[in-house]
Structure formats: structure tokens, C-alpha cells
Amino acid sequence: MEPICHHESVHQQALKTPDLVAISDGPNSITYATLNHHVLLLGEYLRSQGVGPNVVVGVYLPPSAASIIACLGIMSAGGCYLPMEMSYPA
């Protein structure tokens, strides 16, 4: 079997079990369908802004559902994410 990217795995899971909880972030939870929807929207937007292969996008977010969506959206656009440590000085 050929390996697949994380965003593709989320998409396949969303097709199988759209109402299953994918991310639980404190009191909030996101289903696979919702996660996939946000990832695809962000991926489309990032592609329209020029993100693609060999493009690195910094992610300056605390660990959260939003940071997962950001990383998956960047991968969906074909780019590479660079997590930035929030505790480092500006």
C-alpha cells in the first residue's frame, strides 16, 4: 500500500465516519466532516495565495484544534508547515 499524507487520511476518514469526533479541544469537539471542510477551505485559500511545493508556511499557534487545521490545510495546499515556538522572543 502506498503511504498517504495526513490530510488525505483525514479526508478518507471523513468519507467513512463524518460524524465521529476527530478532535476534542477542551469543551469543544470537531467531527471529521467539519475538520475536513475547514482543511479543504484553508488549503484552497493558501493555494490561491501561492502556497504549493517548496513553500514553507510558519504556524504560530498554541497547540489546539486551530493549529491542527492550519497544519493539515498547509499540507493540503502542497506546502510545508514550520511550527514556531510561542515562548521564543519576537
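Residues numbered from 1 in each chain as written. Predicted model: local features only at pLDDT ≥ 70, side-chain atom pairs only at ≥ 80, totals over all residues. Heavy atoms only, no water.

**Topic: the pairing of strand β3 (residues 56-59)**
Logical step 1: Burial along β3 is one-sided: Val57 and Val59 are buried, and none of Val56 and Gly58, which face the opposite way, are.
Logical step 2: Across four bridges, β3 lies against strand β4 (residues 80-83) in parallel orientation. In the sheet register, Val56 faces β4, and the bridge partner there is Cys80.
Logical step 3: With respect to chirality, the unit in which β3 leads through helix α3 (residues 65-77) into the neighbouring parallel β4 is right-handed. (Buried < 20%, exposed > 50% of the residue type's maximum accessible area, 1.4 Å probe, protein only. Helix = DSSP H or I, 4+ residues; strand = E, 2+ residues; numbered from the N terminus. Pairing = 2+ DSSP bridges. Right-handed = clockwise from strand over helix to strand, strands pointing away.)

**Section: the packing of helix α2 (residues 32-48) against α3**
Logical step 1: Contact pair α2 / α3: the axes reach a minimum separation of 7 Å and the direction vectors enclose 55°. Between α2 and α3, the crossing angle belongs to the class labelled oblique. Between α2 and α3 lies a crossing of right-handed hand. When α2 is examined against α3, the residues Leu35, His38, Val39, Leu40, Leu42, Gly43, Leu46 and Arg47 are found in contact with a partner set consisting of Ile69, Ala70, Leu72, Gly73, Ile74, Ser76 and Ala77. (Axes fitted to C-alpha atoms, helices over the stretch in contact; angles between N-to-C directions. Parallel < 35°, antiparallel > 145°, perpendicular 65-115°, else oblique. Left-handed = near helix turned anticlockwise from the far one by under 90°. Contact = heavy atoms within 4.5 Å.)

**Some remarks on the side chain of His7**
Logical step 1: Its place among the elements puts His7 in helix α1 (residues 6-16).
Logical step 2: Exposure remark for His7: the relative accessible area of 14% places this residue in the buried category.
Logical step 3: Beyond its immediate stretch of four places on either side in the chain, His7 contacts Val39, Leu72, Met75 and Ser76.

**Considerations on the environment of Gln13**
Logical step 1: Mapped onto the elements of the fold, Gln13 is located in helix α1.
Logical step 2: Among the residues examined, Gln13 registers a relative accessible area of 25% and is labelled partly exposed.
Logical step 3: A sequence separation of 16 residues divides Gln13 from Ser29, and the C-alpha atoms of the two residues are 16 Å apart.

**Digging into the pairing of strand β2 (residues 28-31)**
Logical step 1: In the sheet, strand β1 (residues 21-25) pairs with β2 via four bridges, with the strands oriented antiparallel. Residue pairing for β2: Ser24 is matched across the bridge by Ser29.
Logical step 2: Linking two consecutive strands that pair antiparallel, namely β1 and β2, is a turn of two residues; a positive phi of about 65° is found at Gly26 within it.

**Digging into unusual backbone geometry**
For residues that are not glycine, phi is negative in most cases, and the peptide bond is trans in most cases.
Logical step 1: You will see that Asn54, though not glycine, has its phi angle at about 65°, which is positive.
Logical step 2: With respect to the helices and strands, the residue Asn54 is situated in the loop between α2 and β3.

**Thoughts on α3**
Logical step 1: Look at α3: 18 Å from first C-alpha to last across 13 residues, which is about the 18 Å you get at 1.5 Å a residue.
Logical step 2: Of all 13 residues that make up α3, ten are buried, and the element is covered over most of its length.
Logical step 3: Taken residue by residue, α3 has Ala65, Ser67, Ile69, Ala70, Cys71, Leu72, Gly73, Ile74, Ser76 and Ala77 as its buried positions.
Logical step 4: Each element contacted by the buried residues of α3 is listed here: α1, β1, β2, α2, β3 and β4.
Logical step 5: Downstream of α3 by one or two residues, Gly78 has phi in the positive range, about 100°. (Expected span 1.5 Å × (residues − 1).)

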